[in-house]
Amino acid sequence: MRLTKFTDLALRVTMRLAVLEPGASLTTRQVAEAMAIPYNHTAKAIARLQHLGVVEARRGRGGGLELTGFGRTASIGWLVRELEGEEEVVTCEGETPCPLRAACSLRAALRSAQQAFYASLDPITVDQLVSSSSRPVLLTLT
């Protein structure tokens with residue numbers, strides 16, 4: 001299964017925010033520069049993460065971005081589902097429907113594989129992702 005660039009970016013932003021010291025925050029611009037991501041893409045990802053309750057954004061002096069408590073304990077499987085949507089891997093319907101759709105088992109097999117992919121990510125939390133060898137690297141991104 002392949003994730004969209006948007007999901008990849010949002011997960012990387014989440015990981016960067018997860019290693020901040022308590023009370024510390026970063027601006028969207030700082031995150032974009034540290035992660036070498038265009039500002040507009042970063043802002044869109046942060047807006048989506050904020051909508052999901054993973055990131056808190058405060059405006060003005062002393063403002064910035066922080067991961068919420070929920071964001072720290074959020075399942076990566078849940079987060080990827082929310083960012084990717086639950087669309088099927090293949091589309092059998094549409095403008096030119098697949099002629100095999102009535103008797104094909106590929107769609108069901110791919111759906112099963114997609115569910116297994118998400119299920120393998122379900123037990124992993126954001127905090128677990130950054131508690132390993134990635135933490136020191138994430139901390140150097142300023």
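Right, let's walk through the structure included here. (Residues numbered from 1 in each chain as written. Predicted model: local features only at pLDDT ≥ 70, side-chain atom pairs only at ≥ 80, totals over all residues. Heavy atoms only, no water.)

## A closer look at the layout of surface pockets
Sizing a probe to match a water molecule and rolling it over the atoms shows the empty space that remains. Here is the rule we go by: Only protein atoms enter the 1 Å grid, on which a cavity is a set of points fitting a 1.4 Å probe that cannot get out and a pocket is an open set with protein on both sides within 12 Å along at least 5 of 7 lines, lining residues being those with an atom within 4 Å of a point. Grid points are joined across faces, edges and corners, and a volume is the space filled by probe spheres set on the points. The helix and strand labels rest on DSSP assignments: H or I over at least four residues marks a helix, E over at least two residues marks a strand, and numbering proceeds from the N terminus. When residues are grouped by polarity, Ala, Val, Leu, Ile, Met, Phe, Trp, Tyr, Cys and Pro land in nonpolar, Asp, Glu, Lys and Arg in charged, and all others, Gly among them, in polar.
Estimated volume of the largest pocket: approximately 280 Å³. Lining the largest pocket are 16 residues, with Thr28, Ala57, Arg58, Arg59 and Leu65 sitting closest to its centre. The biggest single contributor to the lining of the largest pocket is helix 3 (residues 39-51), with 5 residues. Each residue belonging to the lining of the largest pocket can be placed in one class, and the counts come to 7 nonpolar, 6 polar and 3 charged.

## Considering the nonpolar core
To keep things clear, this is the line we draw: We call a set of buried residues a nonpolar core when its members are Ala, Val, Leu, Ile, Met, Phe, Trp, Tyr or Cys and they connect through side-chain atoms within 4.5 Å of each other. A 1.4 Å probe rolled over the protein chains alone gives each residue an accessible area, and that area as a share of the maximum for its type sets the label: buried under 20%, exposed over 50%, partly exposed in between. Pairs of residues are marked as contacts when any of their non-hydrogen atoms sit within 4.5 Å.
Membership of the largest hydrophobic core comes to 29 residues, with the highest contact counts inside it found for Val13, Leu17 and Val55. Contributions of two or more residues to this core are made by helix 1 (5-18), helix 2 (28-35), helix 3, strand 2 (64-67), helix 5 (76-84), helix 6 (106-121) and helix 7 (126-130). The greatest single-element share of this core, amounting to 7 residues, is contributed by helix 1. The residues touching Leu17, leaving out its near neighbours within four places in the chain, are Leu26, Val31, Val55, Leu65, Leu67 and Arg72.

## Examining the side chain of Thr125
Examined against the element boundaries, Thr125 turns out to sit in the loop between helix 6 and helix 7. Classification of Thr125 as buried rests on a relative accessible area of 18%. The residues contacting Thr125, other than those within four sequence positions of it, are Arg72, Thr73, Ala74 and Ile76.

## Section: the packing of aromatic side chains
Definition in use: Whether two aromatic rings pair depends on their centres lying within 6.5 Å, for rings of Phe, Tyr and Trp, where Trp uses its six-membered ring; planes under 30 degrees apart make the pair stacked, over 60 edge-to-face, and the rest tilted. Two conditions define a charge sitting above a ring: the NZ of Lys or the CZ of Arg must be within 6 Å of the ring centre, and it must be within 35 degrees of the ring normal.
The full count for this structure, using the stated rule, is 2 aromatic pairs. Centroid distance Phe70 to Trp78: 5.2 Å. Interplanar angle 80°. Geometry classified as edge-to-face. The class for Phe70 is partly exposed, based on a relative accessible area of 41%. Between Arg29 and the ring centre of Tyr39, over which it is positioned, the NZ or CZ distance is 4.2 Å.

## Here we look at the pairing of strand 1 (residues 55-58)
Filter applied, for reference: In short, DSSP must find at least two bridges between two strands for them to pair.
The pairing of strand 1 with strand 2 spans 4 bridges and is classified as antiparallel. Across the sheet, residue Glu56 finds its bridge partner in strand 2, namely Glu66. Here strand 1 hands over to strand 2 after 5 residues, with Gly60 in that stretch at a positive phi of 85°.

## Details of the pattern of salt bridges
Using the following cut-off: By salt bridge we mean one thing: a side-chain nitrogen of Lys or Arg within 4 Å of a carboxyl oxygen of Asp or Glu.
Applying the stated rule across the entire model yields 5 salt bridges. Across the salt bridge formed by Arg58 and Glu56, the nearest N and O atoms sit 3.9 Å from each other. Owing to a relative accessible area of 30%, Arg58 belongs among the partly exposed residues under this scheme. Residues Asp127 and Arg72 are paired through a salt bridge, measuring 3.5 Å at the closest nitrogen-oxygen approach. Pair noted here: Asp127 is in helix 7 and Arg72 is in helix 4 (residues 69-73), with a separation of 55 residues, a long-range link. Here the salt bridges do not stand alone but share partners, grouping Glu56, Arg58 and Glu66 into one network.

## Points about the environment of Gln114
Which entries qualify depends on this criterion: Counting of polar contacts relies on pairs of N or O atoms within 3.5 Å, with two restrictions inside protein: one atom must be capable of donating a hydrogen and the other of accepting it, and residues adjacent in sequence are counted only when both atoms are side-chain atoms.
Assignment of secondary structure puts Gln114 in helix 6. In this structure, Gln114 is in contact with Met1, Glu87, Glu88 and Val89, ignoring residues within four places of it in sequence. A polar contact is formed between the side chain of Gln114 and the backbone oxygen of Glu87, at a distance of 2.9 Å.

## Side note on helix 2
Within an α-helix, residues lying three or four positions from one another point in the same direction, as the helix has 3.6 residues per turn. Every buried residue of helix 2 is listed here: Thr28, Val31, Ala32, Ala34 and Met35. Of the surrounding secondary structure, the elements contacted by the buried residues of helix 2 are helix 1, helix 3 and strand 2. Phi turns positive, to about 55°, at Ala36, one or two residues after helix 2.

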